[in-house]
Amino acid sequence: AEPEPEPLPTGCLSGVLVLARLGAGLAVIWPQSVAAMRREVMGRPLRALALGFVGVSTTIGATVLLAITVIGLFVAPVMVLLGVLLWVLGYVVGTYAVGVWALSWFGGGDPITNGERAMAAGIGALAVGLLGLVPYLGWLLLIVLPLMGAGAALLRWLRPAVFVEV
């Protein structure tokens, strides 16, 4: 019997394309908000990571606590959905930040046009997709990056007083 051919790496490529489209779409629809979140990720990554960790952990913990109660069983699925949406948004924002950072290496500034935003999203998605394949370290990037993006989104929306400079 002949050996079967190796499968094509379409999973990674389709993930990169979906992520690039999501990032470009968000950056075109809400350019100021996405730019502010990107600046937060790039300017203060540890602060964004810390708040992202707290935010995602809170949605998971709230789901568990709500599921313990009978009344909370009806709200628990909403918390799961919020947690997933926060994670995906964080992944898209973090990937977009990587794309803008990568473009800055080649002399690019802040993306101004929709084409530049789409290019930054595509380059970021490709870079994150390739870095995610690195053995032993790629999985860590795929955890840290969404947390940083989620933290930047929460900082943008909630503006917690804990992080206000005096």
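Since the structure is predicted, the reported quantities are computational estimates derived from the model, not experimental observations.

**Student:** Before we go on, may I ask you to explain the confidence of the model for the protein in this structure?
**Tutor:** Low pLDDT marks stretches whose predicted atomic positions should not be read closely. With 93% of its residues at a pLDDT of 70 or more, the protein shows a mean pLDDT of 89. Taking the mean pLDDT of every element in the protein, the minimum, 89, falls on helix α1 (residues 10–29) and the maximum, 94, on helix α5 (residues 114–131).

**Student:** Just to check I follow, could you spell out helix α2 (residues 31–43) for this structure?
**Tutor:** One turn of the α-helix equals 3.6 residues, which is why residues spaced by three or four share an orientation. Over its 13 residues, α2 runs 18 Å from end to end, which matches the ideal 18 Å to within 8%, given 1.5 Å per residue. Those residues of α2 lying buried are Pro-31, Val-34, Ala-35, Ala-36, Met-37, Arg-38, Glu-40 and Val-41. Along its buried surface, α2 packs onto α1, α3 (45–68), α4 (76–105), α5 and α6 (138–158).

**Student:** Mind showing me how you'd approach the nonpolar core here?
**Tutor:** Within soluble globular proteins, side chains that are nonpolar generally end up buried alongside one another. Counting residues in each nonpolar core, the largest one holds 22 residues, and the members touching the most others are Val-34, Met-37, Val-41 and Tyr-96. For this core, the element with the most residues is α4, which contributes 7 residues. If near-sequence neighbours (up to four positions away) are discounted, Met-37 is found in contact with Val-93, Ala-152, Ala-153 and Arg-156.

**Student:** Help me understand a nonpolar patch on the surface, please; the structure alone is not making it clear to me.
**Tutor:** Taken together, the side chains of Val-18, Leu-22, Val-80, Val-84 and Val-88 define a hydrophobic patch exposed on the protein surface, amounting to about 390 Å² of accessible area. At the level of elements, α1 and α4 are the ones that each hand at least two residues to the nonpolar patch. With respect to the helices and strands, Val-80 occurs in helix α4.

**Student:** Can you walk me through the pattern of salt bridges in this structure?
**Tutor:** For side chains bearing opposite charge, pairing can occur when the charged atoms are close. Per the counting criterion, the structure on display carries 2 salt bridges. Put simply, Arg-47 and Glu-40 hold a salt bridge, and the shortest N to O gap is 2.7 Å. Given a relative accessible area of 18%, Arg-47 falls into the buried group. We classify Glu-40 as buried; its relative accessible area is 16%.

**Student:** How should I be thinking about the packing of α2 against α6 in this particular structure?
**Tutor:** Between two packed helices, what matters for the description is the angle formed by their axes and the separation of those axes. Remark: α2 packs on α6, axes separated minimally by 9 Å, with the N-to-C direction vectors making an angle of 120 degrees. Viewed along their axes, α2 and α6 adopt a mutual orientation that is oblique. Judged by the sense of rotation from one axis to the other, the crossing of α2 with α6 is right-handed. Residues Gln-32, Ser-33, Ala-36, Met-37, Glu-40 and Val-41 of α2 form the contact with α6, whose own contacting residues are Met-148, Gly-149, Ala-152, Ala-153, Leu-155 and Arg-156. A per-class count over the contact of α2 with α6 returns 7 nonpolar, 3 polar and 2 charged.

Cut-off values and rules
- Residues numbered from 1 in each chain as written.
- Predicted model: local features only at pLDDT ≥ 70, side-chain atom pairs only at ≥ 80, totals over all residues.
- Heavy atoms only, no water.
- pLDDT = per-residue confidence, 0-100.
- Helix = DSSP H or I, 4+ residues; strand = E, 2+ residues; numbered from the N terminus.
- Expected span 1.5 Å × (residues − 1).
- Buried < 20%, exposed > 50% of the residue type's maximum accessible area, 1.4 Å probe, protein only.
- Contact = heavy atoms within 4.5 Å.
- Core = buried A, V, L, I, M, F, W, Y, C linked by side-chain atoms within 4.5 Å.
- Patch = residues over 30% accessible without salt bridge, like charges linked within 9 Å, V, L, I, M, F, W, Y side chains within 5 Å.
- Areas by Shrake-Rupley, 256 points an atom, 1.4 Å probe, with all protein chains shown as cover.
- Salt bridge = Lys/Arg side-chain N within 4 Å of Asp/Glu carboxyl O.
- Axes fitted to C-alpha atoms, helices over the stretch in contact; angles between N-to-C directions.
- Parallel < 35°, antiparallel > 145°, perpendicular 65-115°, else oblique.
- Left-handed = near helix turned anticlockwise from the far one by under 90°.
- Nonpolar A, V, L, I, M, F, W, Y, C, P; charged D, E, K, R; others polar.

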